[in-house]
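Chain and residue survey
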Amino acid sequence: MNTIVSPSLLSADFLHLAQDVEMVNRSRAQWLHIDVMDGVFVPNLSFGFPILEAIAPIVKKPLDVHLMIVEPMKFVDRLAELGVHIMNVHYEVSPHLHRSLTAIRKAGMKSAVTLNPHTPVSVVEDVLEELDMVLLMSVNPGYGGQKFIEHSVEKVQRLREMIDKRQLSTLIEVDGGVNQQTGARLVAAGADALVAGSYVFGHADPLTAISGLCDLKR
Ligand code: DX5
Ligand code: ZN
């Protein structure tokens, strides 16, 4: 199976956002990754509904929305109304994770939990049935273009074993410092989906960069 690629809009050219969304539309990427930051959970701000509402009518790929915000469940209905495909909430801001995941599915979206680099994969063990995807951060969230944290490969392996042992179809996505080299190692370890920001949008030929990641096989 090909790897699912989710280019991160955070590294796009904000003065020519429509052009970059159209590049993703033409590409082999399966999803578009949207990074929402609040300056509270993470030490940075990115963008929110005005940008999401502007791109929703032109994007042809399902939206993979990564909420780096406290109280993400405040926005479940608005995200569902926009037609968001996957809603990722961070484990570290989710005291009632089971309730959140159930509500995301009830709103008609795919449910996903995101784990920071320090959060062990064992924390999802008792909610795996409620999860369509687990997003493992391979950098500390907040910025694009950071260095890949090596330990992430081991976390992918451990989560892959947990999912396979239970014969579940929960997807594993990895976000941060992904390029053709780190991507190949993550896919070999069991990742199904890769987020790539600076690698794709900083590449001389973004379509080829996306295609190379899509062709990675376990
Ligand atoms: C970081 C974001 C990422 C970011 C990845 O907090 O969650 O999605 O855009 O950027 P790269 O691929 O450049 O590490
Ligand atoms: Zn992200």
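What counts as what
Residues numbered from 1 in each chain as written. Chains lettered and ligands numbered in written order. Predicted model: local features only at pLDDT ≥ 70, side-chain atom pairs only at ≥ 80, totals over all residues. Heavy atoms only, no water. UniProt positions renumbered as here; feature names shortened; annotations may be inferred. Buried < 20%, exposed > 50% of the residue type's maximum accessible area, 1.4 Å probe, protein only. Helix = DSSP H or I, 4+ residues; strand = E, 2+ residues; numbered from the N terminus. Arc of directions from axis to C-beta. Contact = heavy atoms within 4.5 Å. 1 Å grid on protein atoms, 1.4 Å probe; cavity = no way out; pocket = protein on both sides within 12 Å on 5 of 7 lines; lining within 4 Å. Polar contact = N/O pair within 3.5 Å; in protein donor to acceptor, adjacent residues only side chain to side chain. Pairing = 2+ DSSP bridges. Axes fitted to C-alpha atoms, helices over the stretch in contact; angles between N-to-C directions. Parallel < 35°, antiparallel > 145°, perpendicular 65-115°, else oblique. Left-handed = near helix turned anticlockwise from the far one by under 90°. Nonpolar A, V, L, I, M, F, W, Y, C, P; charged D, E, K, R; others polar.

As annotated in an unreviewed UniProt entry, the protein carries the name Ribulose-phosphate 3-epimerase and is attributed to Porphyromonas crevioricanis JCM 15906. Of the comments in the UniProt record for the protein, the one headed Function (unreviewed entry) reads "Catalyzes the reversible epimerization of D-ribulose 5-phosphate to D-xylulose 5-phosphate."

**Comments concerning helix H4 (residues 97-106)**
Buried residues of H4: Leu97, Ser100, Leu101 and Ile104, and no others. With its buried residues spanning 95° around the axis, H4 presents them on a single face. Facing away from the buried surface of H4 by more than 90 degrees, the exposed residues are Arg99 and Lys106. On its buried face, H4 sits against helix H3 (76-81), strand S4 (86-90) and strand S5 (110-115). Directly beyond the C-terminal end of H4, a positive phi value near 100° is found at glycine 108.

**Quick look at the UniProt feature "binding site: substrate" (unreviewed entry) in the protein**
When the UniProt feature table is mapped onto this chain numbering, "binding site: substrate" (unreviewed entry) sits at Ser8, His66, Gly142, Tyr143, Gly144, Gly145, Asp175, Gly176, Gly177, Gly197 and Ser198. As for the annotated residues named above, the ones lining the largest cavity are Ser8, His66, Gly142, Tyr143, Gly144, Gly145, Asp175, Gly176, Gly177, Gly197 and Ser198. Residue position: histidine 66 is located in strand S3 (residues 63-68). Of the residues examined, histidine 66 reaches a relative accessible area of 0% and is grouped as buried. When neighbours within four sequence positions are excluded, histidine 66 is seen to be in contact with His33, Ile34, Asp35, Val36, Asn88, His90, Thr114, Leu135, Met137 and Asp175. For histidine 66, the side chain forms a polar contact with the side chain of histidine 33, separated by 3.4 Å. In this structure, glycine 197 sits in the loop between strand S8 (193-196) and helix H7 (198-201). Contacts of glycine 197, omitting those with residues within four sequence positions, involve Ser8, Ser11 and Gly202.

**Remarks on the sheet that holds strand S7 (residues 171-175)**
Strands sit in the order S1-S8-S7-S6-S5-S4-S3-S2 across an open sheet of eight strands; the sheet is parallel. In this open sheet, the two strands that pair with only one neighbour each are strand S1 (4-7) and strand S2 (32-37). Mean inter-strand twist for the sheet, computed between neighbouring axes without regard to direction, equals 20°. Bridge count for S7 against S8 is three bridges, and the pairing is parallel. Among the inter-strand pairings, valine 174 is bridged to a residue of S8, identified as leucine 194. Where helix H8 (residues 206-214) meets the sheet, its contacts fall on S1 and S8, and the angle it forms with S1 comes to roughly 145°.

**Brief notes about the packing of helix H5 (residues 152-165) against helix H6 (residues 180-189)**
The geometry of H5 relative to H6 is characterised by a closest axis approach of 8 Å and an angle of 25° between their N-to-C directions. As summarised for this structure, H5 and H6 are arranged roughly parallel, according to the angle between their axes. At the point where H5 passes H6, the crossing takes the right-handed sense. Between H5 and H6, the residues in contact are Val153, Val156, Gln157 and Arg160 and Arg185, Leu186 and Ala189, respectively. The residue makeup of the contact of H5 with H6, split by class, is four nonpolar, one polar and two charged.

**Observations regarding the pairing of S1**
Because side chains alternate across S1, one face comprises the buried residues Ile4 and Ser6, and the other comprises Val5 and Pro7, equally buried. By the bridge criterion, four bridges tie S1 to S8 in an arrangement that is parallel. Residue pairing in the sheet places serine 6 in a bridge with valine 195 of S8.

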